[in-house]
Amino acid sequence: MGSVDEERSLLEAELDQAESNGLYTGDGSVDFNGNPVLKQSTGNWRACPFILGNECCERLAYYGIAANLVSYLTNKLHEGNVSAARNVTTWQGTCYLTPLIGAVLADAYWGRYWTIAAFSTIYFFGMCTLTLSASIPALKPAECVGSICPSATPAQYAVFFFGLYLIALGTGGIKPCVSSFGADQFDDTDPNERVKKGSFFNWFYFSINIGALVSSSLLVWIQDNAGWGIGFGIPALFMGLAIGSFFSGTALYRFQRPGGSPLTRMCQVLVAAFHKRSLKVPEDSTLLYETGDKHSAIEGSRKLEHSEELKCLDKAAIVTDVETKSGGFSNPWRLCTVTQVEELKILIRMFPIWATGIVFSAVYAQMSTMFVEQGMMMDTKIGSFTIPPASLSTFDVISVIFWVPIYDRIIVPIARKFTRKERGFSELQRMGIGLFISVLCMSAAAVVEIRRLQLAKELDLVDKQVAVPISILWQIPQYFLLGAAEVCTFIGQLEFFYDQSPDAMRSLCSALSLLTTSLGNYLSSFILTLVTYFTTKGGQIGWISDNLNEGHLDYFFWLLAGLSFLNMLVYTLCASRYKQKKAS
């Protein structure tokens, strides 16, 4: 028995020496077989092309459905404007709610690699189902004859939405893991790799928008002109390519071991703190329970330093006399480590920052709903070419593709000289800039709508459900501003929730950042419902009618601009009080 312990100690000493010499990673990452990984031959940028390729193809598939979904629902399934917008935002909300499932599985049991692999398969089956529903005549309603549009049957609705929500489940397993898995390829303990990690998030979002650019331009045109069967079939093909790209890089990847259920650990802290609620927290924090060696008790996690706030939770780490005498340190429902307590504290500290992302996501949801419906009532012809209204989201993507390299290569180096920060601006500063730009975006959309309604009134088109002769290109500024806001807010969120999360909760925290998008879509649906209810009382036409020439979509946009401004003020207050995590 002694020889086994001696061999283990010798092996650990050799690994420590290798880490100190910079041969192995210092963040606990392993290779596919569970062995420590050499920095020189794994991870870093050499592994990222496979991950970025996977994300590019997967997002092309997703936006190939999402970008023009409102058009399919109104033109092919014959739904009304409000119903179609509500269905789109509800589905998109679900796509950003299901990541909680994938995140818990990844952090607790499967790891990020196998979670991505399993849910990619579900995603692919959903894409195939959707393609069949748009291709087989029996699975879709008949075309309109004049003004008579037959409704879809319950069976047709069932097949279509079954495929749609399989995609929502599949993307839920992929989305919280891919960005974290990519960031795992950079050693957190190496200053040089840590700087590259910040750059990775920029290029990760860049790859997302390359896929979105193809979807919102080429695929939207194919769907509107060549048919929805092939328009959904191409994204299904690219989802297959995404799976192939991901598996191709397996030998180069660095893996983080799953650390057990984060939800269980949080519950253990609450139960232990409640059990010891009558005890007094010692003034000396070193008296609180923590493992004696340099490794944390949580698999795949570094130790976290004690923080002074939320001391009521510290009671979970108080060592009682009974536990000292009996050596009863093995029951985590009665005694938790400082690191475990700090995990919960970090999530609580991040909550106000997280909550302010919901309103921004409600603004972002307008790109695939109200911006498209606004565009449908504008002049879509440029010479002999007709622009599909949904393809205007291309300018949002172009904006992102324009701003990401500008931010990464020009703005960050300049800002670094003034702020002395590795990444130019802190994640919190970056997110705040994005929230300010979102106010400008909704204001621009409202101004365009005011002009459109004025022209409809001048030309006596108010009572006619026809497009007003104002070019759809006037929508470009609102899309371009939204893209700039994305580069700041969404990428800032990716960085913030990865860097500030506990090591063994990174998938979960990435899912929480995505949850703001989900709740933002649900908030958009809720606001739409409230606006429709209150503005149609007493037989009024309402702000958002099926004939937008009769309504006041501009009031809706001003409402969102006002909410965004208030949200920015709350965010500024919360960000100024936020305390960064400290890991050993």
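Here is what the cut-offs are and how they apply
- Residues numbered from 1 in each chain as written.
- Predicted model: local features only at pLDDT ≥ 70, side-chain atom pairs only at ≥ 80, totals over all residues.
- Heavy atoms only, no water.
- UniProt positions renumbered as here; feature names shortened; annotations may be inferred.
- Patch = residues over 30% accessible without salt bridge, like charges linked within 9 Å, V, L, I, M, F, W, Y side chains within 5 Å.
- Areas by Shrake-Rupley, 256 points an atom, 1.4 Å probe, with all protein chains shown as cover.
- Salt bridge = Lys/Arg side-chain N within 4 Å of Asp/Glu carboxyl O.
- Helix = DSSP H or I, 4+ residues; strand = E, 2+ residues; numbered from the N terminus.
- Core = buried A, V, L, I, M, F, W, Y, C linked by side-chain atoms within 4.5 Å.
- Buried < 20%, exposed > 50% of the residue type's maximum accessible area, 1.4 Å probe, protein only.
- Contact = heavy atoms within 4.5 Å.
- Axes fitted to C-alpha atoms, helices over the stretch in contact; angles between N-to-C directions.
- Parallel < 35°, antiparallel > 145°, perpendicular 65-115°, else oblique.
- Left-handed = near helix turned anticlockwise from the far one by under 90°.
- Nonpolar A, V, L, I, M, F, W, Y, C, P; charged D, E, K, R; others polar.
- Domains from an automatic or database assignment.
- Buried area = accessible area lost by both parts, 1.4 Å probe.
- Polar contact = N/O pair within 3.5 Å; in protein donor to acceptor, adjacent residues only side chain to side chain.
- 1 Å grid on protein atoms, 1.4 Å probe; cavity = no way out; pocket = protein on both sides within 12 Å on 5 of 7 lines; lining within 4 Å.
- Points joined across faces, edges and corners; volume = space filled by probe spheres on them.
- Phe/Tyr/Trp six-rings, centres within 6.5 Å; stacked < 30°, edge-to-face > 60°.

Going by an unreviewed UniProt entry, the chain carries the name Major facilitator superfamily (MFS) profile domain-containing protein and comes from Gossypium raimondii. Its UniProt record gives the chain a comment under Sequence similarities (unreviewed entry), which states: "Belongs to the major facilitator superfamily. Proton-dependent oligopeptide transporter (POT/PTR) (TC 2.A.17) family." Reading the Subcellular location (unreviewed entry) entry of the UniProt record for the chain gives the comment "Membrane".

Asks: What am I meant to see in a nonpolar patch on the surface here?
Replies: Together, Phe 32, Tyr 109, Trp 110, Trp 114 and Phe 247 line one region of the surface with nonpolar side chains, adding up to about 580 Å² of accessible area. For the nonpolar patch, the element with the highest residue contribution is helix α5 (residues 99–135), accounting for three residues. Secondary-structure assignment places Tyr 109 in helix α5.

Asks: What exactly am I supposed to notice about the nonpolar core here?
Replies: Buried together is how nonpolar side chains tend to be arranged in soluble globular proteins. Grouped together as the largest cluster of nonpolar side chains are 147 residues, with contacts concentrated most on Trp 91, Phe 160, Phe 371, Phe 556 and Phe 557. By residue number, the principal contributor to this core is helix α12 (residues 338–364), which donates 12 residues. The residues touching Phe 557, leaving out its near neighbours within four places in the chain, are Met 370, Phe 371, Gln 374, Met 442, Ala 445, Ala 446 and Glu 449.

Asks: What am I meant to see in the packing of helix α2 (residues 44–66) against helix α4 (residues 81–95) here?
Replies: Each pair of packed helices can be described by the angle between their axes along with the distance between the axes. Across the interface, α2 lies against α4 with an axial gap of 12 Å and an inter-helix angle of 160°. If you check the angle between α2 and α4, you find them roughly antiparallel. In this structure, α2 meets α4 at a crossing whose hand is right-handed. Contacts from Tyr 62, Ile 65 and Ala 66 of α2 reach α4 at Trp 91, Gln 92 and Cys 95. Its residues placed into classes, the contact of α2 with α4 shows five nonpolar, one polar and no charged.

Asks: What should I look at first to understand the domain arrangement of the chain in this one?
Replies: How big an interface is tends to be stated in terms of the accessible area lost upon association of its parts. Taken domain by domain, the chain holds domain 1 (25–259), domain 2 (262–343) and domain 3 (349–583). Each of domain 1 and domain 3 has a C-alpha centre, and the two are 21 Å apart. Contacts between domain 1 and domain 3 engage 56 residues on the former and 56 residues on the latter. When domain 1 packs against domain 3, close to 4600 Å² is buried across both sides, 61% of that on carbon and sulfur atoms. Taken together, the connections running from domain 1 to domain 3 amount to zero salt bridges. In this assembly, domain 1 and domain 3 are joined by 11 residue pairs in polar contact (both at pLDDT 80 or more). If you list the elements that add at least two residues to the side of domain 1 that touches domain 3, you get α2, α3 (69–75), α4, α5, α6 (154–183) and α7 (191–225). Ranked by residues supplied to the side of domain 1 that touches domain 3, first place goes to α7 with 20 residues. Broken down by class, the residue content of the side of domain 1 that touches domain 3 amounts to 28 nonpolar, 19 polar and nine charged.

Asks: Would you take a moment to explain the layout of surface pockets for this structure?
Replies: Sizing a probe to match a water molecule and rolling it over the atoms shows the empty space that remains. Size it by volume and the second largest pocket reaches roughly 630 Å³. If you go around the second largest pocket, you meet 28 residues; those closest to its centre are Arg 194, Glu 422, Arg 423, Glu 427 and Asp 499. Mapped by element, the contributors of at least two residues to the lining of the second largest pocket are α7, α14 (394–419), α15 (427–458) and α16 (476–499). When residues of the lining of the second largest pocket are assigned to domains, at least three map to each of domain 1 (25–259) and domain 3 (349–583).

Asks: Hey, could you run me through the pattern of salt bridges in this one?
Replies: Proximity of charged atoms lets side chains of opposite charge pair with each other. What the rule picks out here adds up to 16 salt bridges. Residue Arg 112 pairs with Asp 107 through a salt bridge whose shortest N-O separation is 3.4 Å. Across this residue pair, the class does not change: Arg 112 and Asp 107 are buried. Note that Arg 409 and Asp 408 form a salt bridge whose closest N and O atoms lie 3.5 Å from each other. Residue Arg 409 is classed as exposed on the basis of its relative accessible area of 57%. It is possible to trace a salt-bridge network through shared partners that takes in Glu 55, Glu 58, Arg 59 and Lys 175.

Asks: Explain the environment of Asp 107 to me, please; I cannot follow it from the model alone.
Replies: Positionally, Asp 107 belongs in helix α5. With a relative accessible area of 4%, Asp 107 lands in the buried category. With 397 residues separating them in the primary sequence, Asp 107 and Ala 504 have C-alpha atoms 6.4 Å apart. Excluding its chain neighbours within four sequence positions, the residues that come into contact with Asp 107 are Arg 112, Pro 258, Gly 259, Gly 260, Pro 262, Ala 504, Met 505, Arg 506, Ser 507 and Leu 508. A distance of 3.4 Å separates a polar atom in the side chain of Asp 107 from a polar atom in the side chain of Arg 112. At 3.3 Å, the side chain of Asp 107 and the side chain of Ser 507 are in polar contact.

Asks: Quick question: what am I supposed to make of the environment of Leu 455 here?
Replies: Note that Leu 455 resides in helix α15. Counting along the chain gives 14 residues from Leu 455 to Pro 469, while the straight-line C-alpha distance between them is 7.9 Å. Ignoring sequence-local partners within four residues, the contact set of Leu 455 consists of Val 468, Pro 469 and Ile 470.

Asks: How should I be thinking about unusual backbone geometry in this particular structure?
Replies: You will see that Leu 310, though not glycine, has its phi angle at about 50°, which is positive. As for its position among the elements, Leu 310 is in the loop between α9 (262–275) and α10 (311–314). With a relative accessible area of 30%, Leu 310 lands in the partly exposed category. The residue Asp 460 is not glycine, and still its phi comes out positive at about 55°. With respect to the element layout, Asp 460 can be found in the loop between α15 and β4 (468–471).

Asks: Sorry, what's going on with the packing of aromatic side chains here?
Replies: Centre distance and the angle of the planes are the two values used to describe a pair of aromatic rings. Following the criterion strictly, the structure yields 45 aromatic pairs and no others. Look at Phe 496 and Phe 497: their rings are 5.2 Å apart centre to centre, the planes differ by 85°, and that puts the pair in the edge-to-face class. When sorted by exposure, Phe 496 lands in the same class as Phe 497, which is buried. Of the aromatic side chains, those joined through ring pairs into one cluster are Phe 32, Tyr 113, Trp 114, Phe 181, Phe 246, Phe 247, Tyr 253 and Phe 255.

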